[in-house]
Amino acid sequence: MTDLPDTAKSAPLPGPLPTTPCSSCCTRIEALSVRFGAVEALHEVNLHFHCGELTLLIGPNGAGKTTLLHALLGEVPYTGRISYWDHSRRLRRPRVGYVPQRLSVDPDTPITVTDLFRISQHSLVPFPQGLMVEEALRPMAAEHLARRRLSALSGGELQRVLLALAMTPLPDILLLDEPVAGVDQAGLLLFYNLVCDLRRTHDLSILLVTHDVENAATHADRVVLLNRTILADGTPAEILTDGDRLRTLGMGWAALTKPLQRDPHA
Amino acid sequence: MLDLWYHAVDFLPGDWTRFIFMKQALLAILLVMPPLSLLGVLVVNHRMAFFSDVIGHSALTGLAIGTLCGLVDPSPAMPAFAALLAVLVSLLKRFTRASTDTVIAVIFALVVSAGVVLLSRGGGFAKYTPFLIGDFLTLAPVQLARLAVVSLLVGLGILMLGKPLILISLSPTLARSRGIPVFAVETGFAVLVAFMVASAVPLIGILIVNSILILPAAAARLCAHNLRSYFLIALVLGLTGGVAGLLLSFYWGTASGATCSLLIAAAYLVVAFGRFRR
């Protein structure tokens, strides 16, 4: 698991800092900007999310959604600060679990799901055999996939395996980068239900980047509209049913066509 | 130590065991094939076959530099230069936006032409042709000792970098999220490949060394069903191809490196055809 970059290392912010934690476990992103050469990919992003909250991050292509996840993973340099307070209100580095959109595996590659778990434990001591891998896969309804090749998994199966991997060891923040692209409807609902369960049972902060607004909205607690900076932030009902406002923001496609139905489990 | 090996080989069948140079060559094969075949799996998996080919050819430039510096035995200059080049490629990949393929192709052109220009001054390139096809049969004990050290170091390197590297091949961001220093691992691995390939050049030859690196892994990839069998099959193929190639080259009077490569290529074709039939 990666720690977030040391907050002390990031550039100092102008003006007084609202860094006081809220009453519970949370993550606060303050004045985060990312620059690639002359292009500013993210500008002064401010975001505050609680543990046990599923936040939907939506925006057009090139809006900087993936860049924001990469900043949280410490993969791109940024200015501003990211802070995390745990359940005992201590400021510390969070463990970040990450579910990528896909893996680059060629069709013939002899790498199995068990191999994927083994190579993810980077130590010279061999990972305990099979059993632990299957235990990690079981909550994701994927234990029967342990011996399958990665290249032979369907889109939905691969996403459940990657979710199981991101949950081993247990992270504080879970980042999902368009996890359901290319997954069929049944696989999609199964995946959302699993993610929802994880949020409740482990009190995780989950940040979900997706274009599948229709399905994801029923499970989300928060919706954040991003296009280089935060355009809107609120509950799914507030944000996604206001078609006119979405259209003025250039995101008319995100407007829900049916009335929002909250998932009874969420 | 070496005497013990010579006595042990006497128990093997065949009249080739009468020659000390063959006993040494067998030892050299056993030392050089395992690290090459295992490294090959990682190279194939990380799509670095072109890079390793360039590194093999950069041995020419290393050789030229070693000769210009007046080294009596210029062969250690080859791994040193290759490792330097590996770091350079890694940095270029990171700090330019050019495609990796293009960067490597430009470097290929530079090193090969520079090497040939330097070595051909005064029309003396002919004396370096042994490096093109390699030579297993005129080894000194000190070269064998050096080879043993190289194999051991590369083996350790594979143990340390193998797993993180495979994860990086699958998804660099996922690797990063598991705390793997992606740039350091990739650079370290490039140096490892350069070190091994350039050390094998005097034996196997510039023209053949990349085939010996890639072929066992390419064939193993077709029949392995998980990572362990992938590595294991590549290792077995590399070793059998190496030993059989050496013995055949003795009876046929051919270059050993190329004979090994031809055998492993044949194995690849058999496996590929078998899969095609199924």
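Quick caveat, the model's predicted, so the values are computed rather than measured.

### So, the nonpolar core
Move 1: Judged by nonpolar contacts, the single largest core of 162 residues is most densely connected at Ala-82, Val-193, Ala-194 and Val-197 of chain B.
Move 2: Here Ala-194 of chain B is in contact with Ile-55, Pro-79, Ala-82, Ala-83, Leu-85 and Ala-86 of chain B, once residues within four sequence places are set aside.

### So, the pairing of strand β10 (residues 229–234) of chain A
Residues and elements named next belong to chain A.
Move 1: Here five bridges tie strand β9 (residues 222–227) to β10, and the two strands are oriented antiparallel to one another. For Val-223, the partnering residue across the bridge sits in β10 and is Gly-234.
Move 2: Hairpin connection between β9 and β10: a loop of one residue separates the two successive antiparallel strands, and Arg-228 in this loop has a positive phi of roughly 65 degrees.

### Here we look at helix α3 (residues 49–68) of chain B
All names here are of chain B.
Move 1: For α3, which comprises 20 residues, the first-to-last C-alpha distance of 30 Å matches the rise-based estimate of 28 Å (1.5 Å per residue) to within 8%.
Move 2: Summarising burial for α3: 14 of the 20 residues are buried, a large majority.
Move 3: At the C-terminal side of α3, Gly-70 shows a positive phi close to 80 degrees.

### Quick notes on unusual backbone geometry
Residues and elements named next belong to chain A.
Move 1: Following Thr-168, the chain continues to Pro-169 via a peptide bond in cis, the omega torsion being -5 degrees.
Move 2: In this structure, Pro-169 sits in the loop between α4 (155–166) and β7 (173–177).
Move 3: At Glu-44, a position not held by glycine, the phi torsion is positive, near 45 degrees.
Move 4: Along the polypeptide, Glu-44 turns up in strand β3 (residues 39–50).
Move 5: Look at Glu-44 and you get partly exposed, because 14 C-beta atoms sit within 10 Å.

### Concerning the interface of chain B and chain A
Move 1: On the chain A side, the residues contacting the 23 residues of chain B number 22 residues.
Move 2: It is helix α7 (residues 141–170) of chain B that contributes the most residues to the side of chain B that touches chain A, six residues altogether.
Move 3: Broken down by class, the residue content of the side of chain B that touches chain A amounts to 11 nonpolar, eight polar and four charged.

How each quantity is defined
- Residues numbered from 1 in each chain as written.
- Chains lettered and ligands numbered in written order.
- Predicted model: local features only at pLDDT ≥ 70, side-chain atom pairs only at ≥ 80, totals over all residues.
- Core = buried A, V, L, I, M, F, W, Y, C linked by C-beta atoms within 7 Å.
- Buried ≥ 20, exposed ≤ 12 C-beta atoms within 10 Å, placed from the backbone.
- Contact = placed C-beta atoms within 7 Å.
- Pairing = 2+ DSSP bridges.
- Helix = DSSP H or I, 4+ residues; strand = E, 2+ residues; numbered from the N terminus.
- Expected span 1.5 Å × (residues − 1).
- Nonpolar A, V, L, I, M, F, W, Y, C, P; charged D, E, K, R; others polar.

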